[in-house]
Amino acid sequence: MTTTKTGTGTSRTMKMLASSALLAASFASSALAGDIEAGKASAAICSSCHGAAGVSTMDMWPNLAGQKTVYLAKQIKAFRDGVRKDSVMNSVAIGLTDADIDNLAAYYNSLPAGGS
Ligand code: HEC
């Protein structure tokens, strides 16, 4: 009897653990993925240099369209935190939150490289 009760309790605990792990995993992936629409809204200021489609018209300004999400987010955070130095990008990125940056990275990643 005691063994059966313990068994049931354990499997219930296992189920709870499994569902909270799933929940945690889905939160983590949605945080990483970023929100493309929100990113598009905050990219208005960026487009004056990086182009409306993430493809710039000036040699000094890099294309962002189709770039890897993780790389984009890392670079924007580095500009914001002053780790990567560029007077323009440091001042553009200074007010951005991590969520803003993840959204911007998701947005630029979603655009076709080369602007086609
Ligand atoms: C006034 C022009 C200007 C604006 C506005 C601007 N940028 Fe930039 N951005 C630059 C320049 C110039 C560089 C190249 C910096 C360097 O040489 O290190 C750059 C570099 C970058 C890079 C690095 C690309 C790479 O390949 O390493 C990213 C990412 C970036 N900008 C994102 C943004 C985002 C997001 C915004 C809007 C929040 C923005 N930029 C607004 C001029 C601008």
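Since the model is a prediction, treat every value here as computed from it, not as a measurement.

K.L.:
Before we go on, may I ask you to explain helix α4 (residues 69–80) in this structure?
P.N.:
Count 3.6 residues to each turn of an α-helix, and residues three or four apart come out pointing the same way. Here α4 contains twelve residues, and its C-alpha end-to-end distance of 17 Å stays within 8% of the 16 Å for a straight helix at 1.5 Å per residue. All of the buried residues along α4 are L72, A73, Q75, I76, F79 and R80. An end-on view of α4 places all buried positions within 165° of arc, on one side of the element. Of the exposed residues in α4, those oriented more than 90 degrees away from the buried face are V70 and Y71. Of the residues one or two after α4, G82 is the one with positive phi, at around 75°.

K.L.:
Honestly, the packing of α4 against helix α6 (residues 98–110) in this entry has me stumped. Any pointers?
P.N.:
Each pair of packed helices gets described by two things: the angle between the helix axes and the distance between those axes. It is the contact of α4 with α6, at a shortest axis distance of 8 Å, that shows an interaxial angle of 135°. Between α4 and α6, the angle is such that the two are oblique. For the crossing formed where α4 meets α6, the hand is right-handed. Between α4, through T69, L72, A73, I76 and K77, and α6, the contact on the second element is made entirely by I101, D102, L104, A105, A106, Y108 and N109. A breakdown of the residues in the contact of α4 with α6 according to their chemical character gives eight nonpolar, two polar and two charged.

K.L.:
Could you clarify how one ought to interpret the site of the ligand in this entry?
P.N.:
For the ligand, the set of nearby residues contains 17 residues, the closest of which are C46, C49, P62, D86 and V92. For the shell around the ligand, the secondary-structure elements that each account for two or more residues are α3 (47–50), α4 and α5 (87–93). Taken together, the residues of the shell around the ligand break down into 13 nonpolar, three polar and one charged.

K.L.:
Which parts of the structure should I look at to understand the nonpolar core?
P.N.:
Considering soluble globular proteins, one finds that nonpolar side chains tend to be buried as a cluster. By size, the foremost hydrophobic cluster in this structure holds 14 residues, and its most contacted members are L72, A73, I76, I101, L104, A105 and Y108. Of all the secondary structure elements, the ones that give two or more residues to this core are α4 and α6. Looking at this core, the element that brings in the most residues is α6, giving six residues. Among residues more than four places away in sequence, those in contact with I101 are A73, I76, K77 and L96.

K.L.:
Looking at this structure, I do not really get the environment of A105. What am I missing?
P.N.:
Within the secondary structure, A105 sits in helix α6. On the basis of neighbour count, A105 is assigned to the buried category, with 27 C-beta atoms found within 10 Å. Each residue touching A105, except ones within four places of it in the same chain, is listed here: G34, T69, L72, A73 and I76.

K.L.:
Just to check I follow, could you spell out the environment of A41 for this structure?
P.N.:
Mapping A41 onto the fold places it in helix α2 (residues 36–42). In this structure A41 comes out as partly exposed when scored by C-beta crowding, with 13 C-beta atoms within 10 Å. Taking C-alpha positions, A41 is 8.8 Å from L104, a pair spaced 63 residues apart along the chain.

Calculation notes
- Residues numbered from 1 in each chain as written.
- Predicted model: local features only at pLDDT ≥ 70, side-chain atom pairs only at ≥ 80, totals over all residues.
- Helix = DSSP H or I, 4+ residues; strand = E, 2+ residues; numbered from the N terminus.
- Expected span 1.5 Å × (residues − 1).
- Buried ≥ 20, exposed ≤ 12 C-beta atoms within 10 Å, placed from the backbone.
- Arc of directions from axis to C-beta.
- Axes fitted to C-alpha atoms, helices over the stretch in contact; angles between N-to-C directions.
- Parallel < 35°, antiparallel > 145°, perpendicular 65-115°, else oblique.
- Left-handed = near helix turned anticlockwise from the far one by under 90°.
- Contact = placed C-beta atoms within 7 Å.
- Nonpolar A, V, L, I, M, F, W, Y, C, P; charged D, E, K, R; others polar.
- Near = placed C-beta within 6 Å.
- Core = buried A, V, L, I, M, F, W, Y, C linked by C-beta atoms within 7 Å.

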